[in-house]
Amino acid sequence: MRFRARIVDLACLNHFSRIINTIAKLAKTCILRLTVCKLYFILSDKVANGGASMWCELSQGNFFDEFQMEGVAAERNEIYLELVPENLSRALKTAQNAKAVKIKLTNKHCPCLRVAVELPSLSSSSRIVTHDIPVGVVPRRMWNDFREPSVPDFDVSIYLPVLKTMKSVVERMKNLSNCIVIEANLSGEMNLKIETDLVSVTTHFKDLGNPPWASEDGCQSSLQGRDLESMAEACIDIKKLQQLLAGQQVNPTKALCNIVRKRIVHFILLHEEVSLQYFIPAIA
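Here is a short report on the structure shown in this document. Values in this document were obtained by computation on a predicted structure and should not be read as measured data.

## A word on the sheet that holds strand E7 (residues 100-107)
By way of backbone hydrogen bonds, the strands of a sheet pair with one another, either parallel or antiparallel.
Argument step 1. Spatial ordering of the open sheet is given by E5-E1-E7-E8-E9, a layout of 5 strands whose pairing is antiparallel. Taken across any chain shown, the strands that pair with only one partner, and hence form the sheet edges, are strand E5 (66-70) and strand E9 (127-134). Going from strand to strand, the sheet's axes swing by 15° on average, the running direction of each strand aside.
Argument step 2. As judged from the 4 bridges shared by strand E1 (residues 2-7) and E7, these two strands associate in the antiparallel manner.

What follows is the structure in structure tokens.
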């Protein structure tokens with residue numbers, strides 16, 4: 001089992017670093033799945049226990065100048081590692097003006113991801129700062145626990161408002177309640193609501209638009225005979241939503257959410273070469 005990769009382009013490095021920062025805000029530990037073409041960061045807290053789950057996918061060719069890996073076996077050319085994303089995020093913070101960053105899977109005393117940051121120096125020799133990040137190798141029998149979560153049959157799919165605006169609304173609301181109701185319909189309207197014994201607050205968004213698959217896709221019943229105005233709602237943990245919005249450094253070109261009435265809210269953030277899915281289960 002081998003893995004080594006190198007990033008030379010500073011813009012790619014900074015972008016990669018921002019993605020890892022975002023993931024570190026969403027997950028204390030996560031699984032890094034490596035394949036020949038892609039990297040995946042996976043958090044699968046069991047939704048049954050009220051945990052959120054995450055699936056972030058990036059194409060390695062858009063970030064790395066070199067990328068070599070040999071998986072566990074020829075027919076399953078993959079590697080699954082468990083790591084603390086905050087450790088990787090810290091290591092990459094030292095690389096903001098780096099000439100190059102190399103990442104390599106090593107096994108001296110225990111399995112580690114070695115991040116070697118080559119910094120510019122005034123002399124001809126360059127300085128190299130090395131971080132060893134402990135990782136756990138996930139045995140193959142457990143790989144099935146980290147498959148891509150299936151997208152449930154949603155009642156409504158809608159584009160999100162500007163994330164900064166949404167973040168400031170949620171920040172203000174989180175002082176009032178531990179949970180927030182998200183509701184939306186197929187006419188591009190979405191509401192964020194807090195309801196307690198003392199206070200009821202609603203923020204309305206309109207003209208957001210609904211993604212085209214809401215009508216074409218096989219997984220959605222056709223819009224005929226559906227009430228476009230009727231709201232589908234789910235009540236979720238406001239802290240988990242705030243984490244998602246506060247950690248956002250990917251600046252998605254598209255952001256949308258799918259609501260399964262009273263069951264789950266599924267967020268999808270897309271940027272040219274990154275997709276981040278985040279599932280927050282509803283509170284009964």
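Read on, since the account is not over.
## Section: the sheet that holds strand E14 (residues 200-205)
Argument step 1. In spatial order, the strands read E14-E13-E12-E15; together these 4 strands make up an open sheet with antiparallel pairing. Bordering the open sheet on either side are E14 and strand E15 (232-237), each of which pairs with just one other strand. The sheet shows a mean angle of 20° between the axes of neighbouring strands, taken without regard to direction.
Argument step 2. Summarising the sheet, strand E12 (residues 179-184) and strand E13 (residues 190-195) pair through 4 bridges and their orientation is antiparallel. When the bridges of E13 are listed, valine 181 appears paired with lysine 193.
Argument step 3. Each of E12, E13 and E14 is contacted by helix H3 (residues 163-173), which is oriented at about 10° to E13, the strand it contacts most.
Argument step 4. Contacts from helix H5 (residues 238-246) reach E12, E13 and E15 within the one sheet, and its direction differs from that of E15 by about 90°.

Calculation criteria
- Residues numbered from 1 in each chain as written.
- Predicted model: local features only at pLDDT ≥ 70, side-chain atom pairs only at ≥ 80, totals over all residues.
- Heavy atoms only, no water.
- Pairing = 2+ DSSP bridges.
- Helix = DSSP H or I, 4+ residues; strand = E, 2+ residues; numbered from the N terminus.
- Axes fitted to C-alpha atoms, helices over the stretch in contact; angles between N-to-C directions.
- Contact = heavy atoms within 4.5 Å.

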